[in-house]
Amino acid sequence: MRHIWLLLMALALGQPVSAQFNEKPILNLQNEDLARFNWGYFLGFNQYDFKFEYKNDLNPTDILVSKSIGFNVGLIGEMRINEFLDLRFEPGLFYTQRDLGFPGFSSENDAIREVSSTYINFPLLLKVSTRRLGNFKPFVIGGFGAALNLGSNEDSPDDNSSGTFRMKRQVYNYEIGFGVDFYLEYFKFSPSIRGVFALNDELLRDEDPNSPWTGNIESMKTRGVFVNFTFE
């Protein structure tokens, strides 16, 4: 994923890197950050994981998580507070898949659960930037959000005994990351890396309190990494 990010960033910039870092560069979009409100969109990649806590924390009972690369797409609404602070609302669609491997089963149908999730994310973020340096400006960003997991199976009457892994639909999380604004000739391009961490337990337990799938789980929380490419 790191190599894909670097390649896309180089293609999106569309001009020599030296043009961004000259001692006296030609300044692009000089009034870009002066507007009270700003709009844009983002595309990107993600890799989600789960953090498990167990009632009886024994290594042989740990659940294995196989992660994959998903994708992100969304919109941006930004309100300028001052030269260094912006309040941002970034609603987006995040798709991912995680495969869970449960110990103690001889059958693959019982041991493996595919968890495909489509999150609609609603984060409210504070972007803290440095002073603009030529045609680029580093920043850190963070905040809190809520998400809807459309693939949660929360309303399913079946549980793991019937092959259905269930999660709560509503997820609360916090997000933190960093990136760089690049001021190009016609638009502002901002690659960033974000970490997201769920605050609430997302697991819906099986009907059987001694279930071999969920009986030993104290909590299950999403955590993940995003690479976003923003165009404003």
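A brief look at the structure comes next. (Residues numbered from 1 in each chain as written. Predicted model: local features only at pLDDT ≥ 70, side-chain atom pairs only at ≥ 80, totals over all residues. Heavy atoms only, no water.)

## Structural notes on empty space enclosed by the protein
Vacant regions in the atomic arrangement are exposed by a probe of water-molecule size rolled over the atoms. This is how the line gets drawn: Space inside and on the surface of the protein is sampled on a 1 Å grid over the protein atoms alone, with a cavity defined as a set of points where a 1.4 Å probe fits but cannot get out and a pocket as an open set with protein on both sides within 12 Å along at least 5 of 7 lines; lining residues have an atom within 4 Å of a point. Grid points are joined across faces, edges and corners, and a volume is the space filled by probe spheres set on the points. Three classes are used, and their members are as follows: Ala, Val, Leu, Ile, Met, Phe, Trp, Tyr, Cys and Pro are nonpolar, Asp, Glu, Lys and Arg are charged, and the others, Gly among them, are polar.
According to the stated counting rule, one finds three cavities of 30 Å³ or more in the structure shown. Roughly 80 Å³ of volume is contained in the largest cavity. Forming the boundary of the largest cavity are Y48, Y119, N121, A147, V171, N173, V196, A198, T222 and F226. Within the lining of the largest cavity, the residues separate by chemical class into seven nonpolar, three polar and no charged.

## Some points on the nonpolar core
Worth spelling out the cut-off: Only buried residues count toward a nonpolar core, which is a set of Ala, Val, Leu, Ile, Met, Phe, Trp, Tyr and Cys residues joined through side-chain atoms within 4.5 Å. To sort residues, take the accessible area from a 1.4 Å probe on protein chains only and compare it with the maximum for the residue type: under 20% means buried, over 50% means exposed, and anything in between is partly exposed. Going along the chain from the N terminus, every DSSP run of H or I of four or more residues is numbered as a helix, and every run of E of two or more is numbered as a strand. Any two residues whose heavy atoms approach within 4.5 Å at even a single point are treated as in contact.
Counting residues in each nonpolar core, the largest one holds 23 residues, and the members touching the most others are F52, L100, F165 and M220. Counting only elements with at least two residues in this core, the list comes to strand 1 (37-54), strand 5 (92-101), strand 6 (112-129), strand 9 (188-198) and strand 10 (217-231). Here the element with the most residues in this core is strand 1; it accounts for five residues. The residues touching L100, leaving out its near neighbours within four places in the chain, are F50, F52, I63, L64, V65, A111, I112, R113, V115 and F165. The next biggest cluster of nonpolar side chains, apart from the first, holds seven residues, and it includes F136, L184, V227 and F229.

## Comments concerning the layout of surface pockets
Considered as a void within the structure, the largest pocket measures approximately 320 Å³ in volume. Ranked by residue count, the leading element in the lining of the largest pocket is strand 3 (residues 70-80), at three residues. Considered class by class, the residues forming the lining of the largest pocket number six nonpolar, seven polar and 13 charged.

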